Amino acid sequence: MDRTLDRTITVKVNGREYERSVEPRLLLSDFLRHEIGLTGTHVGCEHGVCGACTVLLDNEAVRSCLLFAVQTNGREVATVEGLDAGPQQLHPIQHGFWEAHGLQCGFCTPGILMSLVPFLEQNPDPTEKEIRDLLSGNICRCTGYQKIVEAVQLGARLIQEKSS
Amino acid sequence: MSTRQFGQPIKRNEDPRLLTGRALFTDDVQMAGMLHAAFLRSDLAHARIRSIDVQGASRRPGVAAVYTAGDLGEFWQPGPLLVPPPPVEQLEFHQRTQVPLARGKVRHAGEAVAMVVAESRYLAEDALDDIFVEYEPLDAVIDLEAALSEGAPLVYEDLGHNVSARVTQTKGDWTQAESEADLVIRRRFLYDRGAAAALENRGIVASWDEKSQRLTIWDTTQAPIAIRNGLASMLGLSERQVRVIAPFIGGGFGPKIMMFYPEEVLLAWAALQLGSPLKWIEDREENFFATTQERGQVHDAAIALKADGTILGVKDIFLHDAGAYAPYGLTVPINSQCTLLGPYVVPSYHSEFTSVFTNKPIVTPYRGAGRQHGVFVMERLLDLAAKELDLDLVEIRRRNFIPPDSFPYSNEIIFQDFAPLVYDSGNYEPALERALELIGYREFIATEQPRREKAGERVGIAVVNYIEGTGIGPYEGARVTVEASGEVSVATGVGTQGQGHYTSFAQVVAEQIGVAVSDVHVVTGDTDLFYWGAGTFASRGAVVAGNAMHAAAAKVRAKILKLAGKKLEAAEEDLELIEGRVQVKGVPQTSISLGQLAVEANPMRGAVQPGMEPGLEATEYFGPERGATASGVHAMILKVDPETFLLEIEKYVVVHDCGTVINPLILDGQIQGGVAQGIGNAFYEQLHFDDNGALLNASLMDYLVPTASDVPNVVSDHVVTPSPLNPLGVKGAGEAGAIPVGALFAQALDNAFRDIGLEVREIPLSPNRLFELVTETAAREAV
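All residue numbers refer to positions counted from 1 along the written sequence of the respective chain. All chains are assigned letters beginning with A, and all ligands numbers beginning with 1, in the order in which they are written. Only residues with pLDDT of at least 70 get local features here, since the model is predicted, and only at 80 or more are side-chain atom pairs given and counted; chain-wide, interface and lining totals rely on the full set of residues.

Visitor: Describe the overall build of chain A, listing the residues and the values that go with them.
Guide: In this text, helices come from DSSP runs of H or I with a minimum length of four residues, and strands from runs of E with a minimum of two, each type numbered from the N-terminal end. Regarding its fold elements, chain A presents five helices and five strands. For chain A, the succession of helices and strands along the chain, N to C, is β-β-α-β-β-β-α-α-α-α. Here the globule rule reads 2.2 Å times residues to the power 0.38, and the radius of gyration is calculated from C-alpha atoms. For chain A, whose C-alpha radius of gyration is 16 Å, the value lies close to the compact-globule estimate of 15 Å for 164 residues. Considered along the principal axes of its C-alpha atoms, chain A spans approximately 50 × 30 × 25 Å. Burial status across chain A gives 57% buried among its 164 residues. What counts as a contact here is a pair of residues whose C-beta atoms, placed from the backbone, lie within 7 Å. A separation threshold of at least 6 residues defines the contact pool for chain A, and within that pool the share at least 24 residues apart is 60%. We call a residue exposed when 12 or fewer other C-beta atoms sit within 10 Å of its C-beta, buried when the count reaches 20 or more, and partly exposed for counts in between; the C-beta positions come from the backbone.

Visitor: Got a sec to walk through helix H2 (residues 92-99) of chain A? Specific residues and values, please.
Guide: Judged by how many residues are buried, H2 of chain A sits mostly within the fold: six of eight residues are covered. Turning to H2 of chain A, its buried residues number three or more, namely Ile93, Gln94, His95, Gly96, Phe97 and Trp98 of chain A. Where H2 of chain A is buried, its residues contact helix H3 (109-122) and helix H5 (146-163) of chain A together with helix H1 (15-19) of chain B. Just downstream of H2 of chain A lies histidine 101 of chain A, where phi reads positive at about 60°.

Visitor: Just give me the short version of the domain arrangement of chain A, but keep the residues and values in it.
Guide: Residue and element names in this part refer to chain A. Segmentation of the chain into domains, including their bounds, is taken from an automatic or database domain assignment. Domain annotation for chain A reports domain 1 (7-82) and domain 2 (92-163). Across the contact, 15 residues belong to domain 1 and 12 residues belong to domain 2. Here the side of domain 1 that touches domain 2 gets three residues from one element, more than from any other, and that element is strand E3 (residues 54-57). Side-chain classes are defined by residue name, with Ala, Val, Leu, Ile, Met, Phe, Trp, Tyr, Cys and Pro counting as nonpolar, Asp, Glu, Lys and Arg as charged, and the others, Gly among them, as polar. Its residues placed into classes, the side of domain 1 that touches domain 2 shows seven nonpolar, seven polar and one charged.

Visitor: If you had to explain the domain arrangement of chain B to someone new, which residues and values would you point to?
Guide: Residues and elements named next belong to chain B. Looking at chain B, the domain boundaries give domain 1 (15-22 + 473-622), domain 2 (31-138 + 196-290), domain 3 (158-194 + 293-402) and domain 4 (417-470 + 628-783). For domain 2 and domain 4, the distance between their C-alpha centroids amounts to 37 Å. Contact with domain 2, which involves 11 residues of that partner, is made by nine residues of domain 4. Residues belonging to the side of domain 2 that touches domain 4 are distributed by class as follows: seven nonpolar, two polar and two charged.

Visitor: Outline the packing of helix H6 (residues 224-235) of chain B against helix H7 (residues 262-274) of chain B, supporting the account with residue identities and numerical values.
Guide: Residues and elements named next belong to chain B. Helix axes are fitted only over the stretch in contact, all axes being lines through C-alpha atoms; the angle between N-to-C directions runs from 0 to 180 degrees. The contact between H6 and H7 brings their axes to 11 Å, and the two run at 50°. As summarised for this structure, H6 and H7 are arranged oblique, according to the angle between their axes. As H6 packs across H7, the resulting crossing turns out to be right-handed. Contacts from Ile227, Leu231, Met234 and Leu235 in H6 reach Glu264, Val265, Ala268, Trp269 and Leu272 in H7. For the contact of H6 with H7, the class distribution of residues is eight nonpolar, no polar and one charged. Under this scheme an angle from 65 to 115 degrees is roughly perpendicular, one under 35 degrees roughly parallel, and one over 145 degrees roughly antiparallel; angles in between are oblique. Note on convention: near helix rotated counterclockwise from far helix by under a right angle means a left-handed crossing. Clockwise means right-handed.

Visitor: Would you mind going over the sheet that holds strand E19 (residues 459-470) of chain B in detail, with residue names and values included?
Guide: Residue and element names in this part refer to chain B. The criterion for strand pairing is that DSSP finds at least two bridges linking the strands in question. Judged by pairing direction, the sheet is mixed, and its four strands sit side by side in the order E19-E27-E28-E29 without closing on themselves. What marks the edges here is a single partner per strand, and that holds for E19 and strand E29 (714-718). Along the sheet, successive strands turn relative to each other by an average axial angle of 15°, direction set aside. In the sheet, strand E28 (residues 647-657) pairs with E29 via five bridges, with the strands oriented parallel. Residue pairing in the sheet places valine 653 in a bridge with valine 715 of E29. In the packing of helix H13 (residues 441-454) onto the sheet, the strands contacted are E19 and strand E27 (628-640), and the crossing angle to E19 comes to about 145°.

Visitor: Explain the sheet that holds strand E6 (residues 112-118) of chain B to me, using residue names and the numbers behind them.
Guide: Residue and element names in this part refer to chain B. Strand order across the open sheet formed by seven strands is E3-E6-E1-E13-E10-E11-E12, with mixed pairing between neighbours. In this open sheet, the two strands that pair with only one neighbour each are strand E3 (63-68) and strand E12 (242-245). Across the sheet, the mean angle separating the axes of adjacent strands is 20° when strand polarity is ignored. Looking at chain direction, strand E10 (residues 203-209) and strand E13 (residues 278-281) are connected through four bridges and run antiparallel. From the neighbouring strand, isoleucine 204 faces E13, where its bridge partner is tryptophan 280. Taken strand by strand, H6 contacts strand E11 (214-219) and E12, and its axis lies near 150° from that of E12. On top of the sheet, H7 reaches strand E1 (35-41), E3, E6, E10, E11 and E13; it is set at about 25° to E10, its chief contact.

Visitor: With reference to specific residues and values, describe the interface of chain A and chain B.
Guide: Taken together, the contact pairs 45 residues of chain A with 45 residues of chain B. Going through the elements one at a time, H2, H3, helix H4 (128-135) and H5 of chain A are the ones with two or more residues in the side of chain A that touches chain B. Residue classes in the side of chain A that touches chain B are distributed as 20 nonpolar, 16 polar and nine charged.

Visitor: Could you give an account of the pairing of strand E1 (residues 7-13) of chain A, with specific residues and numbers?
Guide: Residue and element names in this part refer to chain A. As paired elements, E1 and strand E2 (residues 16-22) share seven bridges and run antiparallel to each other. In the strand pairing of E2, valine 13 is matched with arginine 16. If you look at the hairpin formed by E1 and E2, you'll find two residues sitting between the two strands, and asparagine 14 has a positive phi there, around 50°. Where E1 meets strand E5 (residues 76-78), two bridges bridge the pair, whose relative direction is parallel.

Visitor: Tell me about the nonpolar core, and name the residues and values.
Guide: Residue and element names in this part refer to chain B. Note on definitions: a nonpolar core is a set of buried residues drawn from Ala, Val, Leu, Ile, Met, Phe, Trp, Tyr and Cys, linked by C-beta atoms within 7 Å. In terms of nonpolar packing, the biggest core is built from 311 residues, with Ala37, Met115, Val116, Leu267, Val490, Val509 and Met549 touching the most fellow members. At 13 residues, helix H15 (residues 541-568) tops the list of elements feeding residues into this core. Apart from residues no more than four positions distant in its own chain, leucine 267 is found in contact with Ala37, Ile204, Ala206, Leu278 and Trp280.

Visitor: I'd love a proper account of helix H11 (residues 393-400) of chain B, names of residues and values included.
Guide: Residue and element names in this part refer to chain B. Looking at H11, one finds that the buried residues are Leu393, Val394, Ile396, Arg397 and Asn400. Looking straight down H11, one finds that the buried residues subtend no more than 165° of arc, so they occupy a single side. Against strand E15 (311-323), helix H10 (371-389), helix H12 (428-439), H13, E19 and helix H18 (741-752) lie the buried residues of H11. What the arc describes is the spread of directions from the helix axis to the C-beta atoms.

Visitor: I'd like a description of the packing of helix H14 (residues 501-513) of chain B against H15 of chain B, backed by residues and values.
Guide: Residues and elements named next belong to chain B. Contact pair H14 / H15: the axes reach a minimum separation of 8 Å and the direction vectors enclose 30°. The orientation of H14 with respect to H15, classified from their angle, is roughly parallel. By crossing handedness, the relation of H14 to H15 is classed as right-handed. Taken together, the residues of H15 that come into contact with H14 (itself represented by His501, Ser504, Phe505, Val508, Val509, Gln512 and Ile513) are Gly541, Ala542, Ala545, Gly546, Met549, His550, Ala553, Ala554, Val556 and Arg557. Per-class residue counts for the contact of H14 with H15 are 10 nonpolar, six polar and one charged.

Right, here's the structure in full:
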């Protein structure tokens, strides 16, 4: 196998630095899942539509299936595994989803949670319309979205309670 | 019992793992030395294979193996027929099932022709480009009627025709009904294909361990036990040598109950050949071709009625698109045939279908599994009849409801479970009344609609009914064990794909044993942990496995009481199970913990008395004599944008009767999710095949799955008519949300465009198609 084109990248994921030699064509989603074992980021379509693979790149929500791993060199990535502070300490958004039954099979959930993190930072008290607009970038095939909307509303409240 | 667990909206046990990215899905399985498979698939729907040249692919660095049909030797066999035809007289059935890799001929676009195994998925996919297949294109069989015409191209030349099956079922005398009728309405109805589009594509990991002589398979299947048994048999292994694990699964909806997909058998076989762990993960484009689909039917239907709207009979002759292979037998068209009758008294019924082989992907059940079609035809016929007879749409339905004192109610034909179609229970009028109340039916018709129409808006209302045969046999089992920690472990054979089984089953068990739901740990879908079972399909998990849970937990409860009675020197009837302890009623000081009892039940010294089993454990099975009949009503108000023909669903109501409710939170989620899929089916999702059988919209950019902006909030309520067929009184609920939505859209659009006499006779629709129908209708009106 010809590995002469490989590039060495250094990327911080969930606060931990990784240095890896990767093929330039390696997708960020595959890098996260299969090179460094963070399988919480899911891949549903590999063409940027479903949103399941959403992660944060320098605190901005991006589709990890539409980026190459080499594009993250020197940058910071956050995935769903970095959201909670431990098994018993869920992030308020995760709590919202748990309480409101905002997930069924849970496959789309990590991408939705990661889309919501910057959204709720910028819109701490969103309307239902704003929530639905944001969610329309993520496909969920199980829930019909209703309980996800409720989960986001609850999550937003929990974040505010925590910070007040 | 102090706190009730059963029937409560308890949050789910499984969620923390899913929410933190720590749940295991099939593609998360990583093993040292793992190889990766990719499949070369035909672009042509119908072609002879002249030659396949794999030399270039084989030589590519990193490629471990390339296989075509010719390399499989004796292992190349058509898959098993999963469901034999039901015992219906004079039934015609031609068995043709899928093959591991195409040999001689490809029969649908996306059929696998070769498999490459390489060190990475990237390399395996690279190598596909080095395989050269010479095809001789053949005319494709696409249209159902054309498929049956003289001189049509043949999917199977040896068959001499494209008929997969013909089935006629009847009750009463249609001819007489027709002759006595005041009104007979005849129409043609179309219901086209869609995809289940679970967010997780399919995937398989297979690993052969030479030292233990065991094959372990992680599979996105809804039926792990059947997969284990089938693969063991195909590979010449003992069932004990094969472990199939259906881990967390990212949505099933039916296509994952299809068994022995080519990839499933090939991965297992190649893992044995190569001695290395092997993974294949389907991509989204493959999912549109290689995962099964549903829905293509054409119905020529008639209804005979008296002038007061009483139904005398229904005649329905339909074509069903089986696709290129029919491994799932007749389940889908039989469901259409049986569900059509709905909650109505239909004294005579003549139903005749022809299942047709086409050069399109395989059809197997997808949420609703043919029931949609039946509901669509019946509800449309009633709508048209009401119009002709100048009756209210609701009134004509009410007049024909099966009265609540008529159950069990026999429809005199055979259902998909091979049992007679007998509704176990039902009470339709209260659900209808509640739905009318929640949607504001009378108020909308009397004042809101006229007012808004006057203001130039186009708004419509609809109310439809349906029944759903759920919870069919043959059986499921469960094992319940109290562990020394006092926590309870539970295992069952059904797989789970998001239905909340880790919680609803735990509730059933917790109710009996008096522990917290969070202390009941459910395992589903691991054949090493539970040996027997059928699978998750036909809205049966809660009904069949749920009742097995109940039986096993009740037996463990009896064991607990017996042993505790001895230890506490009290009569069993004086004991209660409460918060993980057994105590003398009202005397918490005289108690023993379940954990301590579990230790005592498994002593290290002394003797277990004759007739006693060690441990606080029981395994029980439940098999219903026939399915439980759920029912419901959907109602909707929608607004049509006069410029774009986009729809806004202003209000959506579901009143549902699935018997006793285990967890209302989970039930609401199932209903809402089903409605969303129904809306997709009705107005967004259609698979467009061209005349050559090429699928023109095989991506999520072009195949439009509803988003959060398209799906409304659902107002739901429940009527509870417990099923007499199982101790818990439950009926299935998994498919109810999706079934009547097409019929609902058609009625609402007819209502919104009643000024021009619109008559929607097809699903799926789209803004474009609606525009065409409205334009055609208006032009006809103007003539």
